[in-house]
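Overview (structure and organization)
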Amino acid sequence: MADCARNFLLATLLAVLCFSWTIAGSDGPFIVAHKKAALTRLKSDIERLSISIDIYNEGSATAYDVSLYDDNWSQDVFEIVAGNTSMSWERLDAGASLSHSFELEAKKKTVFYGAPAVITFRIPTKAALQEAFSTPILPLDILADRPPEKKFDWKLMAKYGSLISVISIVVLFVYLIATPSKSNAAKASKKKR
């Protein structure tokens, strides 16, 4: 059963790659988009979400009227703090890239599953708008209870490191002087007999 599933996945992956190469090899734009998300805890009840979407034209022609739509952010959970969830550009030349980012603030604790962003563009040889999708993001654990991070403070080490080293050397020296060696203890026990 596992071999059958593995073979199916491999066949599907090969079919997608062949299809991608066929489209990318044609005389036209080929849009690839990568969506990234980063959570930043500001306070115990406030968390910011920074979203960035990079759009690449891997094809051999210019894409015109490029538009990005990423409006899958629930207004019950998020509030837009900076930027917009949609953006438009006049063109994206072959081999060029564009980037767009915005920030959201979380309103409530939840696990959020984000959908891919949608990119539409026009090809001069086709009347219909073309669509491409970004990569999806991993599930986000918004305002999750996290244990406090224990970070090593290098500033303290720089400030007190030499003092700790000197004290450690002195303690080690006193320990070596005060503790009798095994050979002296063996000689003392032989003398007592």
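This section reports on the structure supplied with the text. (Residues numbered from 1 in each chain as written. Predicted model: local features only at pLDDT ≥ 70, side-chain atom pairs only at ≥ 80, totals over all residues. Heavy atoms only, no water.)

1. Here's the deal with the sheet that holds strand β6 (residues 97-106)
Ordered by their spatial adjacency, 4 strands build an open sheet running β1-β2-β6-β4, and the pairing between neighbours is antiparallel. The open sheet has two edge strands with one neighbour each: β1 (31-43) and β4 (78-82). Recorded for the sheet is a direction-independent mean angle of 30 degrees between the axes of neighbouring strands. Taken together, the 4 bridges between β4 and β6 define a ladder with antiparallel strand orientation. (Pairing = 2+ DSSP bridges. Helix = DSSP H or I, 4+ residues; strand = E, 2+ residues; numbered from the N terminus. Axes fitted to C-alpha atoms, helices over the stretch in contact; angles between N-to-C directions.)

2. Details of the sheet that holds strand β9 (residues 130-133)
Strand order in this open sheet of 4 strands is β5-β3-β8-β9, and the pairing throughout is antiparallel. Looking at which strands have only one partner, the edges of the open sheet turn out to be β5 (86-92) and β9. Shown here is a sheet whose adjacent strand axes are inclined to one another by a mean of 20 degrees, direction ignored. Pairing of strand β3 (residues 63-69) with β5, which is carried by 6 bridges, proceeds in the antiparallel orientation. For S67, the partnering residue across the bridge sits in β5 and is S88.

3. Notes on the environment of V111
Structurally, the position occupied by V111 is in strand β7 (residues 110-112). Judged by relative accessible area, which is 40%, V111 ranks as partly exposed. When the C-alpha atoms of V111 and P139 are compared, they prove to be 6.5 Å apart, with 28 residues separating the residues in sequence. Among all residues touching V111, those that are not within four sequence positions of it are P139, L140 and D141. (Buried < 20%, exposed > 50% of the residue type's maximum accessible area, 1.4 Å probe, protein only. Contact = heavy atoms within 4.5 Å.)

4. Some words on the packing of aromatic side chains
All chains considered together, the criterion is met by 4 aromatic pairs. Taken together, a centroid distance of 6.4 Å and an interplanar angle of 75 degrees make the contact between W73 and F102 edge-to-face. Of this pair, W73 sits in the loop between β3 and β4 while F102 sits in strand β6, placing them 29 residues apart in sequence. Residue F102 is classed as buried on the basis of its relative accessible area, which comes to 3%. For the pair F78 and F112, a centre-to-centre distance of 5.0 Å together with 85 degrees between the ring planes defines the contact as edge-to-face. Pair noted here: F78 is in strand β4 and F112 is in strand β7, with a separation of 34 residues, a long-range link. Given the relative accessible area of 4%, F78 is considered buried. Taking the relative accessible area as the measure of exposure, F112 reaches 10% and is therefore buried. An aromatic cluster is defined as three or more aromatic residues linked by ring pairs; in this entry it consists of W73, F78, F102 and F112. (Phe/Tyr/Trp six-rings, centres within 6.5 Å; stacked < 30°, edge-to-face > 60°.)

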